[in-house]
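# Residue-level structural notes
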Amino acid sequence: MALWSILKVRVRASLRNFQRPLTTIASRVDERVRVRLGEVVGSGNVSSSLAVREQHGRDESFHACKPPDVVVWPENTAQVRQLARICYDHSVPMVPYGTGTGIEGGVVAEEGGVCFDLSRMTDIVDLHEEDLDVTVQPGVTRVALNTHLRHTGLWFPVDPGADASLCGMAATSASGTHTTRYGSMRENVANLEVVLADGRLLHTAGEGRHTRKTSAGYNLTNLFVGSEGTLGIITSATLRLFPQPEAVASAVCPMPSVTAAGECTLQLLRSGVPLARIELLDDVMMDACNRYKGLDYAVQPTLFLEFHGTPASVQEQIRTAEEVLSGYGAGQLRWALAASERARLWEARHQAYYAARALRPGSVGYVTDVCVPISKLPEVITTTKEDLIQSRLTGPIAGHVGDGNFHCILAFSEHGEQERQRITEFCHRLVTRALAVGGTCTGEHGVGVGKRGYLLDEVGETGLEVMRQLKRALDPKGLMNPGKVV
Ligand SMILES: Cc1cc2c(cc1C)N(C[C@H](O)[C@H](O)[C@H](O)COP(=O)(O)OP(=O)(O)OC[C@H]1O[C@@H](n3cnc4c(N)ncnc43)[C@H](O)[C@@H]1O)c1[nH]c(=O)[nH]c(=O)c1N2
Ligand SMILES: O=C(O)C(=O)Cc1ccccc1
Ligand SMILES: [Mn+2]
């Protein structure tokens, strides 16, 4: 073999080593462990049935199902700690499960083990209205929290399309359509209670603390935000709340092209209008949403906008926004002012994932999630659209354009090998383009199993090694959600 070929093989092998599991898992769940788990949670809160295991071995993505060996439903933190200790003593993998709405295969039980379904821990533990914060258990979803808050004048704004658990959202560092104004989970989690792999209990900002800021040492809270179950099990999250806005106005605005929509978004952000939401759906996605929801929006690239404030400030924001929009060839704005109309409009946006999948029934969808510096968004989104055409692929686009983050969903039949190959190559080019302009391979869905191959390129060797050192320090046996992230 020529020297060059030998070198290439070596480099490839060393990269593979970098991605290998940190430790080999010693044992799966045997009868002895199963009995001990049952003793902790009671026989109604543990299951080895295949149907239950299969339901828990996959999320909403195309990633193949790998069922855990057992599913447990702990009812409190003390039980989570005892269960973790049993798994730790027997070297059994642990996979935390929120609501299973992830789209990067985060709950796929790569090495089997015990799935911790946290949906029965549904208490809203501490609501501090005067401090604008709340502490919730891991079974509380974002809709359940906002329903609970509706008469308080407060709300929690991070809104991924799905009704995900708030602790699952912390685990994936989720964001949503309000992130441009209110931030993502990174900015809105003040404290986390975490059960570590060996059953120890950690409060990332100190027990009972719920301040707006802190300088006390390392930011352990944000170490666990986005850790995707690989460092511990989040058993409660303390979240920032916001006053419900006095006045709200939403609008749908057709644009001449995705380039114009991207450039216009930049200009709107620069103009200082405190946009509450600004989302882009391209023509293909608009068509998909029209069909899926029986709507009649123009089949054109379209911006969905929302303004929050006092009635006077919303009027002022609208005036400035309309001026900017008209400079980019915007069509007629369709306003939604009544709460029910606004709910319908945003429901259509939140269902974009299912609308896109419905374009090709029976297919599975590969989802992209790049995020770039906002100034690069028009260029990257334009090139992506051209690439789709050249690659002869249908890939509806939906984007949180105020954050420089957009998704493409590529539906493919599991039998079409050639098409799948073209999709993989397209997605690879898209991530490469994003990384080249200072972007990230995932703005909000997380690394899971799908983006592991890009982490080295994104954070570099030292970055990845430090992540792996942190992982080893907190999870020396490599039991926490193995096969994910690092
Ligand atoms: C239609 C639709 C639309 C969207 C999205 C999904 C779908 C189906 N998503 C993705 C998804 O909703 C998001 O990733 C949620 O944060 C996942 O929360 P779950 O509770 O479902 O976590 P799920 O159970 O799917 O788990 C996800 C990961 O977190 C870990 N985990 C869950 N709970 C944990 C806990 N208590 N402790 C430790 N680890 C835990 C799991 O182990 C796994 O690795 C999304 N996302 C987004 O950011 N923005 C968006 O706009 C959307 N939009
Ligand atoms: O709706 C979103 O913002 C999502 O993150 C889910 C998604 C993914 C891919 C295409 C459309 C929606
Ligand atoms: Mn999204």
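Residues numbered from 1 in each chain as written. Chains lettered and ligands numbered in written order. Predicted model: local features only at pLDDT ≥ 70, side-chain atom pairs only at ≥ 80, totals over all residues. Heavy atoms only, no water.

This part is about the overall build of the chain. Regarding its fold elements, the chain presents 17 helices and 18 strands. Counting only C-alpha atoms, the chain reaches 70 × 70 × 45 Å along its principal axes. For the chain, the share of sequence-separated contacts (at least 6 apart) that also reach a separation of at least 24 residues comes to 73%. Element-wise, carbon and sulfur atoms account for 51% of the exposed surface of the chain, whose accessible area totals about 20900 Å². Computed over 49 positive and 54 negative side-chain charges, the separation of the two mean positions in the chain equals 6 Å. (Helix = DSSP H or I, 4+ residues; strand = E, 2+ residues; numbered from the N terminus. Contact = heavy atoms within 4.5 Å. Areas by Shrake-Rupley, 256 points an atom, 1.4 Å probe, with all protein chains shown as cover. Lys, Arg positive; Asp, Glu negative; His and termini not counted. Charge placed at Lys NZ, Arg CZ, Asp CG, Glu CD.)

All told, the structure shown has 20 salt bridges when counted by the stated rule. Between Arg 200 and Asp 198 there is a salt bridge, and its shortest N-O distance comes to 3.0 Å. The partly exposed category is assigned to Arg 200, whose relative accessible area is 47%. Judged by its relative accessible area of 17%, Asp 198 is buried. Between Asp 282 and Lys 385 there is a salt bridge, with its nearest N and O atoms 2.7 Å apart. With Asp 282 in the loop between β13 (277–281) and α11 (283–293) and Lys 385 in helix α15 (residues 377–390), this residue pair connects regions lying 103 residues apart in the sequence. Here the two residues Asp 282 and Lys 385 agree in accessibility, since each one is buried. Salt bridges sharing partners connect three or more residues here, namely Asp 159, Arg 277 and Glu 306. (Salt bridge = Lys/Arg side-chain N within 4 Å of Asp/Glu carboxyl O. Buried < 20%, exposed > 50% of the residue type's maximum accessible area, 1.4 Å probe, protein only.)

With that settled, consider the site of ligand 1. The full set close to ligand 1 counts 37 residues, and Pro 96, Thr 99, Thr 101, Ser 165 and Thr 172 are the nearest of them. Gly 100 places a main-chain nitrogen or oxygen 2.9 Å from an oxygen atom of ligand 1. Interatomic distance of 2.9 Å between a side-chain N/O atom of Glu 444 and a nitrogen atom of ligand 1. For ligand 1, whose free accessible area comes to 970 Å², the fraction covered by protein is 97%. When contributions to the shell around ligand 1 are tallied by element, the ones reaching two or more residues are β3 (94–97), α6 (166–172), β10 (233–240) and α14 (352–358). Broken down by element, the residue count for the shell around ligand 1 peaks at five residues, all from α6. (Near = heavy atom within 4 Å. Polar contact = N/O pair within 3.5 Å; in protein donor to acceptor, adjacent residues only side chain to side chain.)

The interhelical angle for the contact between α15 and helix α16 (residues 417–436), taken along N-to-C directions, is 165°, at an axis separation of 11 Å. With respect to α16, the element α15 is oriented roughly antiparallel. The handedness of the crossing between α15 and α16 is right-handed. In this structure, α15 contributes Val 380, Thr 383, Thr 384, Asp 387 and Leu 388 to the contact, and α16 contributes Phe 426, Arg 429, Leu 430 and Arg 433. Each residue belonging to the contact of α15 with α16 can be placed in one class, and the counts come to four nonpolar, two polar and three charged. (Axes fitted to C-alpha atoms, helices over the stretch in contact; angles between N-to-C directions. Parallel < 35°, antiparallel > 145°, perpendicular 65-115°, else oblique. Left-handed = near helix turned anticlockwise from the far one by under 90°. Nonpolar A, V, L, I, M, F, W, Y, C, P; charged D, E, K, R; others polar.)

Purely spatial values, then, with no claim about function.
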